[in-house]
Amino acid sequence: MRRLSDATLGEVRTPVRTPAYDRSAVQVGVVHFGPGAFHRAHQACYFDDMLAHDPRFAICAVSLRTPDVRDALQPQDGLYTVMEREAEPTFRVVGSIREVLTASDESEAVFARLVSPGVRFVTSTVTEKGYCLTTTGDLDLDHADIRRDLASPSRPVSFVGCVVEAARRRREAGIAPLTVISCDNLSNNGAKLQAACVAYARARGEPAVADLIGEAAFPNTMVDSITPATDQALRDDVAQALGLEDAWPVQRERFLQWVVEDRLGAEGDAFTRAGVTLARDVAAFEKAKLRLLNGAHSTLAYVGLRLGYDTVSQAMGDERLAAFVERMMRQDVPPTLRASELDVPRYIGDVLARFRNPAIGHKLSQIAWDGSQKLRFRLLETTAELLDQTRPVDRPAVGVAAWIGFVVRQTQAAAPITDPLAAELGEVARRCTGAAEQDVHEFLALNAVFPSALAAQPTFREAVTRAYALLRDSPDTALAL
Ligand code: CS2
């Protein structure tokens, strides 16, 4: 079977949607860091829509370390397929990625793009761990990548290091600063990234660059679309639909939402025309999404894996678990959310319906990745605010305890744990004896995961310890909370 590329694009079978613009006429206006499945299913689709009206929104995609995406997409001229997995699936060939680079071995090519006047945006899906932050949300100057970049700042390996080096070189060349749009699942994502870049620039001894970054636009955003990892079934479905081979298609639900803080000036019109919501206050959207959707996701993942389920829709088929998660979403999270135009009860119902989508095989093991980085924004911030309000934390504590149980079980089975702190987690798990209080004590001492103020709270410790024991001995009782 022939491969998808510019040369074969005209052979794509109908009714597959293909780029509605001349790809040879587009110009790179965006450098994206972290071109994984979520970027290609989400932002790259919006930029593909923008390109139908304005050729200046093509993407140069940059992987910080791994060449896999570059090696898969370069032979396809950056083209790939998005399959919307619904009762009536649809297929779309996306053309917004014009170039794929790997920073670790193409650093100067990456900076040639970052310093070109036509590039106005940097976007990122480097995941929570890519920010090199402490549990308090500040730049971790002891992080190995940050220490390495401070020693060799002109060839950075960290995302923060790349953003600051780009700012320094653009300033030197007299080019306007970039607008940096974080698309990662952390609260106050733009503000945290901006503060981290300012701190790094100061640590580099570049105060003028730090000031410039401090005045630049780093809008907060909320991004949302459930995007299961690519699998062979998807590749087969895409080959069948296109009549061409696509080495790395992506799949998602039909639901797609991008809310960006309105810091885009005149460029904002292109974003809104493509369906992006520009908002003055993104915090209400992002906190609701992180604490409701993602908090429920992580709870479903770790408790669902404990109960032997494989996907989100299967876990939601367990009425005990589905009802537990719904109670947490409807009773525990809303008191920690600010009043906003968001209809929270309706949003919760929509999220639960999305979780039940039988067409989406979203693996719990995928959601379980990087728990040491995700727990903070999805469950721990909610828990800390409930404690401040002297409200019970028993249900959010179940997700925390289920994560601990997941790490212990994986370690005991010598099974892999996908997490930047995997080595530390394994060491802690190997010290666990099965005594709930001791095991939980070992994990809560991990101050790279649990803020010390929270870990010291007796109510929190007791709730996690109780949940840990119940999940091990009587999960029904845990799910009745
Ligand atoms: C998921 C998210 O893998 C995970 O951690 O919770 O990727 C989730 O699918 C997205 O945030 C939905 O917008």
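Values in this document were obtained by computation on a predicted structure and should not be read as measured data.

## Some points on the pattern of salt bridges
Working step 1: In this structure the tally under the stated criterion is 39 salt bridges.
Working step 2: A salt bridge links R56 to D54; its shortest N-O distance comes to 2.9 Å.
Working step 3: Residue R56 is classed as partly exposed on the basis of its relative accessible area, which comes to 32%.
Working step 4: In this structure D54 comes out as buried when scored by relative accessible area, which is 14%.
Working step 5: In this structure, D71 engages R70 in a salt bridge whose closest nitrogen and oxygen atoms are separated by 3.2 Å.
Working step 6: Since its relative accessible area comes to 13%, R70 is described here as buried.
Working step 7: Residues participating in the shared-partner salt-bridge network are E108, E165, R168, R169, E172, R204 and E206.

## Overview of unusual backbone geometry
Working step 1: Here the amide bond leading from T14 into P15 is cis, since omega sits at 5°, within 30 degrees of zero.
Working step 2: The backbone phi angle of D77 is positive, close to 55°, even though this residue is not glycine.
Working step 3: With respect to the element layout, D77 can be found in the loop between α3 (68-73) and β3 (80-84).
Working step 4: Phi at A414 takes a positive value of approximately 50°, unusual for a residue other than glycine.
Working step 5: With respect to the secondary-structure elements, A414 resides in the loop between α17 (394-412) and α18 (422-430).
Working step 6: You can call A414 exposed: its relative accessible area is 71%.

## Overview of the sheet that holds strand β1 (residues 28-33)
Working step 1: Within the open sheet, the five strands sit side by side as β5-β2-β1-β6-β7. Their pairing is parallel. In this open sheet, the two strands that pair with only one neighbour each are β5 (97-102) and β7 (179-182). Looking at each pair of strands side by side, their axes are set apart by 20° on average, direction ignored.
Working step 2: Pairing of β1 with strand β6 (residues 121-124), which is carried by four bridges, proceeds in the parallel orientation. Bridge assignment links F33 to a residue of β6, and that residue is S124.

## Description of helix α4 (residues 107-114)
At 3.6 residues per turn, the α-helix brings residues three or four places apart onto the same side.
Working step 1: Within α4 the residues assigned to the buried category are S107, V110, F111 and L114. Angularly, the buried residues of α4 cover 95° about the axis, an arc narrow enough to put them on a single face.
Working step 2: Check the buried side of α4 and you find it contacts β1, β2 (58-63), β5, β6 and α6 (159-172).

## Side note on the site of the ligand
Working step 1: Residues in contact with the ligand, as listed here, are N185, V223, D224, S225, K289, L293, N294, H297, H362, I367, K374 and R378.
Working step 2: Measuring from an oxygen atom of the ligand, one finds a side-chain N or O atom of K374 at 2.7 Å.
Working step 3: The fraction of the free accessible surface of the ligand (340 Å²) that becomes covered by protein chains is 90%.
Working step 4: Listing elements by their share of the shell around the ligand, those giving two or more residues are β8 (221-224), α11 (283-306) and α16 (371-388).
Working step 5: Tallied by class, the residues present in the shell around the ligand amount to three nonpolar, five polar and four charged.

## Re empty space enclosed by the protein
Working step 1: On inspection of all chains with the given rule, the structure shows four cavities of 30 Å³ or more.
Working step 2: Its boundaries defined by the atoms lining it, the largest cavity holds a volume of some 110 Å³.
Working step 3: Lining of the largest cavity is provided by 13 residues; of these, A167, P177, L178, I213 and A216 occupy positions nearest its centre.
Working step 4: Contributions of two or more residues to the lining of the largest cavity are made by α6 and α8 (207-215).
Working step 5: Top element by residues in the lining of the largest cavity is α6. It accounts for five residues.
Working step 6: Considered class by class, the residues forming the lining of the largest cavity number 11 nonpolar, no polar and two charged.
Working step 7: The calculated volume of the second largest cavity comes to roughly 50 Å³.
Working step 8: Every residue lining the second largest cavity is listed: D184, N185, L186, N189, T221, M222, V223, E286, K289 and L290.
Working step 9: Where the lining of the second largest cavity is concerned, the elements lending two or more residues are β8 and α11.
Working step 10: In terms of residue class, the lining of the second largest cavity is made up of four nonpolar, three polar and three charged.

## Side note on the sheet that holds strand β10 (residues 257-261)
Working step 1: As summarised here, the arrangement of the three strands in space is β8-β10-β11, forming an open sheet in which the pairing is mixed. Edge positions in the open sheet fall to β8 and β11 (277-279), since each of these has one partner strand only. Between one strand axis and the next, the sheet turns through 20° on average, direction left out of account.
Working step 2: Inspection of the sheet shows β8 paired to β10 by four bridges, in the antiparallel sense. Of the residues in β10, the one forming a bridge with V223 is W258.

Thresholds applied
Residues numbered from 1 in each chain as written. Predicted model: local features only at pLDDT ≥ 70, side-chain atom pairs only at ≥ 80, totals over all residues. Heavy atoms only, no water. Salt bridge = Lys/Arg side-chain N within 4 Å of Asp/Glu carboxyl O. Buried < 20%, exposed > 50% of the residue type's maximum accessible area, 1.4 Å probe, protein only. Helix = DSSP H or I, 4+ residues; strand = E, 2+ residues; numbered from the N terminus. Pairing = 2+ DSSP bridges. Axes fitted to C-alpha atoms, helices over the stretch in contact; angles between N-to-C directions. Arc of directions from axis to C-beta. Contact = heavy atoms within 4.5 Å. Near = heavy atom within 4 Å. Polar contact = N/O pair within 3.5 Å; in protein donor to acceptor, adjacent residues only side chain to side chain. Areas by Shrake-Rupley, 256 points an atom, 1.4 Å probe, with all protein chains shown as cover. Nonpolar A, V, L, I, M, F, W, Y, C, P; charged D, E, K, R; others polar. 1 Å grid on protein atoms, 1.4 Å probe; cavity = no way out; pocket = protein on both sides within 12 Å on 5 of 7 lines; lining within 4 Å. Points joined across faces, edges and corners; volume = space filled by probe spheres on them.

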